[in-house]
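Inside the fold
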Amino acid sequence: MAPGAAAAGAEFLVTARPESWELAWEDVRAADGGARLGQSVAPGVFLVAATLDAAALSERLQRRGPFVRHLFSVHYRVSPGFAPAVWADAGKALAGRLDPALGAGLQLRWVGQGPLPPWVMDLRRTLDTALQQCGAPPGGPAPPQAISVVASEAGAWMGTSPTWHNLSPWSGGAAPTSRVGAVSRAASKLLEALRMFDLPWPQSGRALDLGAAPGGWTGVLVERGLSVVAVDPAALAEPWAHHPHVAHHRETAEAYAQRPRAPGDSVQLLVNDMRLEAAYSARCMAMLSGRLQSGGLAVMTLKLHEVRRRRQVREAVRILESEYTVAGCRQLYHNRSEVTLALMRH
Ligand SMILES: C[S@@+](CC[C@H](N)C(=O)[O-])C[C@H]1O[C@@H](n2cnc3c(N)ncnc32)[C@H](O)[C@@H]1O
């Protein structure tokens, strides 16, 4: 692609956790065997020349690309030294690709060193103006379509897309962390999964929360109208420790699984954030699948050791598939050394 000009082929700017970028690149290669790795723009942010178009690539990655957090199709590349008129033309062309009937947003990320330099501020103003003039209503932090920009000292890569092509509606896949504190940091993982996996979350009934302490996920579930059976040898924090809709079993999931079941005591949702080796945690899920109503939804995190992470995911998925259909598997923004799975019980 000539700098400042529209991209000739399908070029994508891919974002992953910095320590997962090689796995993300493998995911892209598995989705598109003809893809070629391009320049690294920043840790975890790299260019890819693909043979697939954006819809096909993102559709494949949705199904089997756990380590890609975000991508967008690059339509323009500009450099810091360009005349403002070049930016204005690129801005108009990018905004012209938007559907004016849908909400839109500018998602600009500076991945260089230090604070935002003046040329990026100018670029942002130019793109904001183009966005306002195109007539699309503001789409908020998670718009249905976006002008995506990644800027570094070397220049800016820009593209327009519906955000479902990007694998995430948030800028760079960075889901907002709405609250602070240890309980809430954990809660952000479940809130992000709720948003990311488009699944039928139960509005009422009971949830079984494995590895519930200190209570972030329990809190999210209670706030969404569920009563919670919380299982964890560790203590829950207030207000969940003494909440009328929370029953805490201070024991391991394995011990809980040995308890005799009362008839009709199945739950509508099963969640698991236990700090356990991935395959072992998957076995616990298989062991407790009978507690979840048939067709019910489960969400779990798989904690991954640093080496052979893909193998750990595959092994856990193989175990889970005896009892569940895997509906989603992603390394979400709030996941550190883990991935989040959405499962439906057979
Ligand atoms: C990451 S924390 C869970 C955080 C929790 N989801 C929240 O939102 O607050 C992991 C928890 O797994 C629990 N855990 C580890 N092994 C377990 C087991 N075998 N059975 C039940 N809980 C277990 C730990 O006690 C710890 O509280």
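Above this note sits the structure.
What comes next concerns the included structure. (Residues numbered from 1 in each chain as written. Predicted model: local features only at pLDDT ≥ 70, side-chain atom pairs only at ≥ 80, totals over all residues.)

A closer look at the environment of Q331
Relative to the helices and strands, Q331 resides in the loop between β14 (324-330) and β15 (338-345). The class of Q331 is buried, set by 27 C-beta atoms lying within 10 Å. For the pair Q331 and R77, spaced 254 residues apart in sequence, the C-alpha separation works out to 28 Å. The contact partners of Q331, leaving out residues within four places of it in the chain, are R17, S20, P66, F67, R69 and V339. (Helix = DSSP H or I, 4+ residues; strand = E, 2+ residues; numbered from the N terminus. Buried ≥ 20, exposed ≤ 12 C-beta atoms within 10 Å, placed from the backbone. Contact = placed C-beta atoms within 7 Å.)

Side note on the sheet that holds strand β3 (residues 45-50)
Pairing within the open sheet is antiparallel, and its 4 strands lie in the order β2-β3-β1-β4. Each of the sheet's edge strands pairs with one partner strand only, and the pair in question is β2 (36-42) and β4 (70-73). Direction aside, the axes of adjacent strands within the sheet are offset by 25° on average. (Pairing = 2+ DSSP bridges. Axes fitted to C-alpha atoms, helices over the stretch in contact; angles between N-to-C directions.)

Things to note about helix α6 (residues 216-223)
For α6, the buried fraction is high: 7 of the 8 residues fall into the buried class. Residues G216, W217, T218, G219, V220, L221 and V222 constitute the buried set of α6. Of the residues flanking the end of α6, it is G225, one or two places downstream, whose phi is positive at about 90°.

Here we look at the pairing of β4
On β4, burial covers both faces: H70 and F72 on one face and L71 and S73 on the other are all buried. With 4 bridges joining them, strand β1 (residues 10-15) and β4 adopt antiparallel strand pairing. By the bridge assignment for β4, T15 is matched with H70.

Thoughts on the site of the ligand
Residues in close proximity to the ligand total 22 residues, the closest being A186, G211, G216, T252 and D273. Only α5 (182-196), α6 and α7 (253-258) provide two or more residues apiece to the shell around the ligand. Considering each element in turn, the shell around the ligand owes the most residues, 3 residues, to α5. (Near = placed C-beta within 6 Å.)

Section: the nonpolar core
In terms of nonpolar packing, the biggest core is built from 56 residues, with V271 and A298 touching the most fellow members. Beyond its immediate stretch of four places on either side in the chain, V271 contacts L190, A207, D209, L210, W217, A298, V299 and M300. Within the second largest apolar cluster, 46 residues are counted, among which are L23, V41, L123 and I147. (Core = buried A, V, L, I, M, F, W, Y, C linked by C-beta atoms within 7 Å.)

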